[in-house]
Amino acid sequence: MDRIQPTIEESWKDALIAEFNKPYFLELKEFLIGEKKKYAVFPPGHLIFNAFNRTPFEKVKVVFIGQDPYHGSGQAHGLCFSVPDGIAKPPSLQNIFKEIEKDLGLPPATHGNLEKWTDQGVLLLNATLTVRENQAGSHQNRGWETFTDAAISLISAKRTGLIFVLWGNFAIAKKNLIDTGKHHILTAAHPSPFSANKGFFGCRHFSRINEILRNSGKPEIDWRL
């Protein structure tokens, strides 16, 4: 099989090029080709690496780790928790905005497109980068987690002073990929309606992120959309 030349932002391509040509990724590629012949797969192909494309390796300041893309039509665009303009905000995202309002006193967002955050150095990374329509978790354990774990490990090793935001047990388990001596880690319950009242609401992570950035001499994130 020919070597894969991914369409991904150059700094991330340089960092991850070895992963693209490992056996697991070649198998993942073949799996996706087969899936797309039989099912609708989200997000669209040109948005699978959107998180990387919008936030280059050296620009990353904050990392949010999600689990799976949204599986409803039109929802997923390659950024965890985010939806494109014109798409209704899913429940977890609604709770994120409620926490921002309580934490920072910002008015509720009128849309759920978080691209403005990515442009400021916020990497919105799902562990699995694709999903079959209306089948949550359908592309888990096919190789994506190996790839995104490699990305998390690389950015932990090669960068210093990043802020990793881990919501829910799945994301918190990624802590073992992160050098806690070099980076900041914020943990809380997941913003899902099933768990938001168990420690997500009141976590004040958005003000905490800006406090860490400010104390590090870095520009704060403007969370307003």
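What counts, and where the lines are drawn
- Residues numbered from 1 in each chain as written.
- Predicted model: local features only at pLDDT ≥ 70, side-chain atom pairs only at ≥ 80, totals over all residues.
- Heavy atoms only, no water.
- Helix = DSSP H or I, 4+ residues; strand = E, 2+ residues; numbered from the N terminus.
- Rg over C-alpha atoms; globule rule 2.2 N^0.38 Å.
- Buried < 20%, exposed > 50% of the residue type's maximum accessible area, 1.4 Å probe, protein only.
- Contact = heavy atoms within 4.5 Å.
- Areas by Shrake-Rupley, 256 points an atom, 1.4 Å probe, with all protein chains shown as cover.
- Lys, Arg positive; Asp, Glu negative; His and termini not counted.
- Charge placed at Lys NZ, Arg CZ, Asp CG, Glu CD.
- Expected span 1.5 Å × (residues − 1).
- Arc of directions from axis to C-beta.

Scanning the protein chain for helices and strands turns up eight helices and six strands. Expected size for 225 residues packed as a compact globule is a radius of gyration near 17 Å; at 17 Å, the protein chain falls within 12% of this value. Viewed in the frame of its principal axes, the protein chain has a C-alpha envelope of about 50 × 35 × 25 Å. Here the protein chain, with 225 residues, has 52% of them falling under the buried criterion. Of the contacts made within the protein chain by residues no fewer than 6 positions apart, 66% connect residues no fewer than 24 positions apart. For the protein chain, the exposed surface amounts to about 10400 Å²; the carbon and sulfur share of it is 49%. One way to put it: in the protein chain the 27 positive side-chain charges average out to a point 3 Å from where the 23 negative ones average out.

Further remarks concern helix H6 (residues 144-158). With 15 residues, H6 should reach 21 Å at 1.5 Å per residue; the first-to-last C-alpha distance of 21 Å fits that figure. Within H6, the full set of buried residues consists of Trp144, Glu145, Phe147, Thr148, Ala150, Ala151, Ile152, Ile155 and Ser156.

The next point concerns the side chain of Asn210. Within the secondary structure, Asn210 is located in helix H8 (residues 205-215). Look at Asn210 and you get buried, because its relative accessible area is 7%. Each residue touching Asn210, except ones within four places of it in the same chain, is listed here: Glu220, Ile221 and Trp223.

Next up on the list: helix H2 (residues 23-38). Relative to the 22 Å expected for 16 residues at 1.5 Å per residue, H2 spans 23 Å between its end C-alpha atoms, a close match to the ideal helical length. For H2, every residue scored as buried is listed here: Tyr24, Phe25, Leu28, Phe31, Leu32 and Glu35. Taken around the axis of H2, the buried residues stretch over an arc of 115°, which confines them to a single face. Facing away from the buried side of H2, by more than 90 degrees, are the exposed residues Pro23, Glu27 and Lys37. Packing partners of the buried residues in H2 comprise helix H1 (10-20), strand S1 (41-42), strand S4 (131-132) and H6.

Along the chain, Phe200 falls in the loop between strand S6 (184-188) and H8. Judged by relative accessible area, which is 0%, Phe200 ranks as buried. In sequence terms Phe200 and Asn95 are 105 residues apart; their C-alpha atoms lie 8.8 Å from each other. Not counting residues up to four positions away in its chain, the partners in contact with Phe200 are Asn95, Ile96, Glu99, Trp167, Ala188, Ala189, His190, Pro191 and Ser195.

Moving on, we get to the environment of Leu104. Looking at the element boundaries, Leu104 is found in helix H4 (residues 91-104). Distance from Leu104 to Asp119, taken between C-alpha atoms, is 20 Å for residues 15 residues apart in sequence. Ignoring any residue separated from it by four or fewer positions in sequence, one finds Leu104 in contact with Phe206, Ser207 and Trp223.

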